[in-house]
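If you want the building blocks of each chain, they are given just below.
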Amino acid sequence: MRLHIRHETRYSYETPVSDSIQYIRLTPRNTPQQRIHDWHLQTPGETSQMVDGFGNQVTVMTLDKAVNEIVLTAEGIVDLTGKPLTKDDSPFPPAVFLRQTPLTEADEALKELAVQHPANKRGLIRLMKHLREHVEFMPGATTVTHTASEAFKLKAGVCQDHTHMFLACCRHIGVPARYVSGYIHSSNDAHVATHAWAEAWIGQNWQTFDVVNTLNVAESHIKLAVGLDYRDAAPVRGVRAGGGTESMATRAWVTNPAGGQ
Amino acid sequence: MLIQTPAEGLYDELFDQNNKVRPQCRMLEQWLVNSNEELIAEKRREADVLFQRLGITFNVYGEDQGADRLIPFDLIPRVISASDWHTLQTGLRQRVQALNRFLYDIYHDYDIVKAGVISAEQVFANPQYQPGMQNLKLPRNLYCHIAGIDLIRHSDGNFYVLEDNLRCPSGVSYMLENRRMMMRLFPELFAHSAVAPIDHYPNLLGETLRAASLKPDPTVVVLTPGRFNSAYFEHAFLARQMGIELVEGADLFVAHNKVYMKTTTGPQQVDVIYRRIDDDFLDPLAGNPDSMLGVAGLYAAYRTGNVVLTNAVGNGVADDKSIYPYVPDMIRFYLDEEPILKNVPTWQCRKPKDLQYVLEHLPELVVKEAQGAGGYGMLIGPTASKKELELFRSLLKARPQDYIAQPTLSLSTCPTFVEEGIAPRHLDLRPFVLSGKKVQMVPGGLTRVALKAGSLVVNSSQGGGTKDTWVLEDDQC
C-alpha cells in the first residue's frame, strides 16, 4: 500500500520566542515493513542531523530569531509492505527494554494486573484488551507528563498512556517491551493520525501491540521512532526562551496516490 | 605523646602485629612520640583556621541546615611503603584499563555478554546503562578518564577494592589541600622523609582532559551544577589549578551540534567538558526534561562527535555494585591477565542461593544497595540493632535484586588524634586514576578516616575525616 503523508505541527506562542532548540523525530527509517520515498521535513530554523542510541533519525533545529509561531511540516511517500516484524533490529539486546522509566514505573494496581497474564502472545493480547476496556480513550484527559500508573488510576488517557500502561505490565512480568511513535492510517476514512503503540519481545520476535486499536498486527502503521517511553521517541522535544503560554495543533493527511483509498 | 596501640586482629598502618613500628613509619612515630601535646593542639587549631579561610567546606546531603561544614582533617599522615604502592599502582592501572574496555564493549558489540561471562539482563536492564551511548565512537575508546577506586586494607594485610567510582568521583581537592596543609604546618617532617610529591595532579588532569579530544589544542572547561552542590569547592579549585574556565549550564549553548561558551569576546567553541553533573541532568532534551543544570542540545553535540564529555555518559553501568563482582572476570576477559587487586567476596541477593545465605547470616554481613552511594542505605550486621536487622530482612525479601552483601571487613587502622589522645581509627584509600594517552596517577590518594571509635563508615557525609597520604619514594629511609 502506497501512502502520501503530510503532517503539520504548529506551535503558537502568546509572546515571541527568542531562542529555541528542538530534537525532532519525524523522519521514518527504511525497514522491511516500510519503504520511504521522498521524505522532507520543513522547519523554520537551522537544522543538523543525528542518529540517537536507539537508531532513530533526529533532526536538531535551532532558532535564534524571535517568532510567534513555529511550524514543522513532514511530508513524503511511504510504501507499507505488509511484512510482519521478525528479527531484532535494535543496536542492543532486547533486555534494554526490560527496564522501567519514571513514565512506565508500575504501581501496585498495575503489577496486580500484570501478573494475571502469562508472558506469551495470548496472555499479552488479553492484557491489551483488558487495558483498552478498562481505560477509556479520552483526548485531553492526560498530558505528556502523566505516568502509566496515573492514567490507570484515572481510567482515561490517549494512545501514549495506553502504551505506557502496557509497557509497565510487560516489563513487570519480564517481557522486554518498547514504545513506538508513528502514524496510523485507517483505511475507511482516508485518515492518518499521529499514534503510539508498543512492541513486545516474545518467542524471539518483536510483536506489535496497538492497545488503543486492540491490534496485534501493524499493517497500517508507519514507524517514526522507538524508545523506552514517550520521552525517548517523542516526535518533538524542545526548550525555548520566552513565549509565554504555548498552544500546539497538529494535523495529518494521507492520500493514496494510486487512486482508491 | 602516648600512642594508643591498636586492637588485636586488625591491621594497623603504623604498628605490626607485635606492636613494633613498621619500618616505613619509624620517622613518623619518632615525631609523634617527641611532640608535646600543646604544640600539636596549637597546630590543629591552626589547621582549622587555614581550612576555614581556604573555604574547603562540604555540604552534607540530607541535613536540613544545608550549611557548609568543615571536613575534619587529621594531622597524622597515613604512610604507604614504596613496594605496597608499586603493587597498588600496577593493579589500579590494570583494573581501570579493563573497566574502560568493558564500557567500550557493552556500548558496541557486547562480546562479554555474547561470551556468557555476564548476562544481558544484568548489563542492559541495569538503569545505569544508557541506550543513548550505543555505538557512539569516542576518542581513544575512553569512557572513564578520571576514576576514583576505593580500597581498604584487610587484616590479612592485603588491599581490597571496595568500590569503583567511574562517574564523577570527588575528593581529589582534599588530597591536594591536605598535603599543602601538612607542608605548611610541619615543613621539618618533609625535610627528613622522601615523601612522593602529588602537587603535579592538576597538570596530569589537564593533560588527561586535553587528550580526551583528538584536536591538537582543545578548549577544556569544567561544568559544575553550581555553588549549592556539595563538591562545588572542588570544581572551582580544579578549574583554577588547571587555569581553565569553570562554567555552569547557562554559560554554554549549542548551535549546529557544536558547544559554545559565551565569552566577553564572543562565542568560543568548547571541545572537552569535564562535567560534574549527573548523566540525567546534562541535556533536558535527552534526559530529565526539568533539568536546569545542563545544556539543551548537548547530547546531539556529543552524539555527533563535536564535543567530548569526561567522564563519558553511562559509566554507571560499570561501577554499579551489582556489576562489581564481575570486574575480576573483565580483567581476565579483556586483558588475559589475573587480577592484581582483590575484590571483596560479594553475594548477589538477586540470586536465590545468595539471598538465602545472606538472610541466614545477616548479623555478620554488610548489606548495601546495588545503586546506592554515600553510605545511607546500608546495614552493618555486627553493629546493627534488632530493629535494623528486621528492617533489612524485609527489604531483602521484597527487593532482593536491589541489594548485595559482603563479609564485614576489618578495615585497617591508623593512629589518629581524638579527644582522648592518639588512638587507632579505621580508614580507606581513594587513589585517582587518570586515563588519557596513558594511564597515570599521583602516588597515594585521599585517605578517609572514621573518627568514631570502632566505626567502619568513612564517608565524609557520615562524619568521617581525612588524612594526608604519604607514599614513600624509597622503603630504606
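Treat the numbers as computed from the prediction; the structure is a model and nothing was measured. (Residues numbered from 1 in each chain as written. Chains lettered and ligands numbered in written order. Predicted model: local features only at pLDDT ≥ 70, side-chain atom pairs only at ≥ 80, totals over all residues. Heavy atoms only, no water.)

Moving on: the overall build of chain A. In terms of regular secondary structure, chain A is built from five helices and 13 strands. Taking 18 Å as the expected radius of gyration for a compact globule of 261 residues, we find that chain A reaches 18 Å, a close match to that expectation. Counting only C-alpha atoms and orienting by the principal axes, one finds that chain A spans roughly 55 × 45 × 35 Å. Put simply, chain A has 261 residues, and 53% of those count as buried. On chain A, roughly 11,100 Å² of surface is accessible, and the fraction owed to carbon and sulfur atoms is 50%. (Helix = DSSP H or I, 4+ residues; strand = E, 2+ residues; numbered from the N terminus. Rg over C-alpha atoms; globule rule 2.2 N^0.38 Å. Buried < 20%, exposed > 50% of the residue type's maximum accessible area, 1.4 Å probe, protein only. Areas by Shrake-Rupley, 256 points an atom, 1.4 Å probe, with all protein chains shown as cover.)

All names here are of chain B. Direction vectors running N to C along helix 8 (residues 201–211) and helix 9 (residues 232–242) enclose 85°, while the axes themselves pass 9 Å from each other. The angle between helix 8 and helix 9 places the two elements in the roughly perpendicular class. Here helix 8 contributes Tyr-201, Pro-202, Leu-205, Gly-206 and Leu-209 to the contact with helix 9, which in turn contributes Leu-238, Gln-241 and Met-242. Considering only residue class, the contact of helix 8 with helix 9 consists of six nonpolar, two polar and no charged. (Axes fitted to C-alpha atoms, helices over the stretch in contact; angles between N-to-C directions. Parallel < 35°, antiparallel > 145°, perpendicular 65-115°, else oblique. Contact = heavy atoms within 4.5 Å. Nonpolar A, V, L, I, M, F, W, Y, C, P; charged D, E, K, R; others polar.)

In total, this model carries 22 aromatic pairs over all chains according to the counting rule given. Relative to Phe-186 of chain B, the ring of Trp-31 of chain B has its centre 4.9 Å away and its plane inclined at 75°; by these criteria the two rings are edge-to-face. Here Phe-186 of chain B lies in the loop between helix 6 (172–185) and helix 7 (187–192) and Trp-31 of chain B lies in helix 1 (residues 26–34), a separation of 155 residues in the sequence. Accessibility classification places Trp-31 of chain B together with Phe-186 of chain B in one group, the buried group. Ring geometry for Phe-392 of chain B against Tyr-403 of chain B: centres 6.0 Å apart, planes inclined by 70°, an arrangement best described as edge-to-face. Taken together, the positions of Phe-392 of chain B in helix 14 (residues 386–398) and Tyr-403 of chain B in strand 17 (residues 403–407) put the pair 11 residues apart, joining distant regions of the chain. Exposure class is identical for Phe-392 of chain B and Tyr-403 of chain B. Each is buried. Among the aromatic residues, those joined into a cluster by ring pairs are Phe-54, Phe-92, Phe-97, Trp-201 and Trp-206 of chain A together with Tyr-107, Tyr-110, Phe-124, Tyr-129 and Tyr-143 of chain B. The ring of Phe-186 of chain B is capped by Lys-43 of chain B, whose NZ or CZ atom sits 5.5 Å from the centre of that ring. (Phe/Tyr/Trp six-rings, centres within 6.5 Å; stacked < 30°, edge-to-face > 60°. Lys NZ or Arg CZ within 6 Å of the ring centre and 35° of its normal.)

Next up on the list: the interface of chain B and chain A. Tallying the contact residues gives 29 residues for chain B and 25 residues for chain A. Interface area for chain B against chain A, summed over the two sides, is near 2,100 Å², with a carbon-plus-sulfur share of 62%. A per-residue breakdown of the area chain B buries against chain A is headed by Pro-131, His-256 and Leu-285 of chain B, which together make up 28% of the total. Where chain B meets chain A, there are 15 residue pairs in polar contact (both at pLDDT 80 or more). If you list the elements that add at least two residues to the side of chain B that touches chain A, you get helix 5 (120–124) and helix 10 (298–303) of chain B. (Buried area = accessible area lost by both parts, 1.4 Å probe. Polar contact = N/O pair within 3.5 Å; in protein donor to acceptor, adjacent residues only side chain to side chain.)

Turning next to the sheet that holds strand 6 (residues 220–223) of chain B. Residues and elements named next belong to chain B. If you walk across this open sheet you meet the four strands as 7-6-11-12, and the pairing is parallel. The strands lining the two open edges of the sheet, one partner per strand, are strand 7 (245–247) and strand 12 (308–310). Between one strand and the next, the sheet's axes are offset by a mean angle of 30°, whatever the strand orientation. Pairing geometry for strand 6 and strand 11 (residues 272–275), over four bridges, is parallel. When the sheet's bridge partners are listed, Leu-223 is paired in strand 11 with Arg-275. Its contacts with the sheet put helix 8 on strand 6, strand 11 and strand 12, and the angle it makes with strand 11 is roughly 130°. Across the sheet, helix 9 lies against strand 6, strand 7 and strand 11, angled at about 155° from strand 7, the strand it touches most. (Pairing = 2+ DSSP bridges.)

Residue and element names in this part refer to chain B. Sheet architecture is open: four strands sit in the order 14-17-15-16, paired in antiparallel fashion. Two strands bound the open sheet, and with one partner strand each, they are strand 14 (347–348) and strand 16 (378–380). Where strand 15 (residues 365–369) meets strand 17, five bridges bridge the pair, whose relative direction is antiparallel. In the strand pairing of strand 17, Glu-369 is matched with Tyr-403. Each of strand 15, strand 16 and strand 17 touches helix 14; the most contacted strand, strand 16, lies at about 130° to it.

Bringing the pairing of strand 20 (residues 432–435) of chain B into the picture now. Residues and elements named next belong to chain B. Of the two faces of strand 20, the one carrying Phe-432 and Leu-434 and the one carrying Val-433 and Ser-435 are both buried. Bridge analysis of strand 4 (residues 146–153) against strand 20 gives three bridges, and the strand direction is antiparallel. Bridge assignment links Ala-147 to a residue of strand 20, and that residue is Val-433. Two strands pair when backbone bridges link them, and strand 20 and strand 21 (residues 439–440) are joined in this way by two bridges, in the antiparallel orientation. Directly across from Leu-434, in strand 21, lies its bridge partner Gln-440. Count of turn residues in the strand 20/strand 21 antiparallel hairpin: three residues.

Residues and elements named next belong to chain A. Split by domain assignment, chain A resolves into domain 1 (2–82 + 235–255) and domain 2 (94–233). Computed over C-alpha atoms, the centres of domain 1 and domain 2 are 23 Å apart. Contact residues are listed per partner, giving 23 residues for domain 1 and 22 residues for domain 2. Between domain 1 and domain 2 lies a buried interface of about 1,800 Å² when both sides are counted; carbon and sulfur atoms form 65% of it. In this assembly, domain 1 and domain 2 are joined by zero salt bridges. Taken together, domain 1 and domain 2 are joined by five residue pairs in polar contact (both at pLDDT 80 or more). Elements with a minimum of two residues in the side of domain 1 that touches domain 2: strand 1 (2–24), strand 2 (34–42), strand 5 (67–80), strand 12 (236–242) and strand 13 (246–255). (Domains from an automatic or database assignment. Salt bridge = Lys/Arg side-chain N within 4 Å of Asp/Glu carboxyl O.)

Turning next to the nonpolar core. Counting 95 residues, the largest nonpolar core has Ile-273 and Met-330 of chain B as the members making the most contacts within it. For this core, the leading source of residues is helix 3 (residues 82–106) of chain B, giving nine residues. When we break this core down by domain, the ones giving at least three residues each are domain 1 (2–82 + 235–255) and domain 2 (94–233) of chain A. Apart from residues no more than four positions distant in its own chain, Ile-273 of chain B is found in contact with Val-221, Leu-223, Leu-252, Val-259, Leu-298, Val-307, Val-308, Leu-309 and Thr-310 of chain B. (Core = buried A, V, L, I, M, F, W, Y, C linked by side-chain atoms within 4.5 Å.)

What follows is about the pattern of salt bridges. This model, assessed by the stated rule, comprises 29 salt bridges over all chains. In this structure, the salt-bridge partner of Lys-111 of chain A is Glu-108 of chain A, at a minimum N-O distance of 3.8 Å. Taken together, the residues span about one helical turn, with Lys-111 of chain A and Glu-108 of chain A both in helix 1 (residues 108–114) at a distance of three residues. Residue classification places Glu-108 of chain A among the exposed positions, given a relative accessible area of 59%. Between Glu-13 of chain B and Arg-78 of chain B there is a salt bridge whose closest N-O contact spans 3.4 Å. Remark: Arg-78 of chain B occurs in strand 3 (residues 73–80) and Glu-13 of chain B occurs in the segment before helix 1; sequence separation between them is 65 residues. On the basis of relative accessibility, which here comes to 2%, the residue Glu-13 of chain B falls in the buried class. The structure contains a network of salt bridges with shared partners spanning Arg-6, Glu-8, Arg-10, Glu-69 and Glu-75 of chain A.

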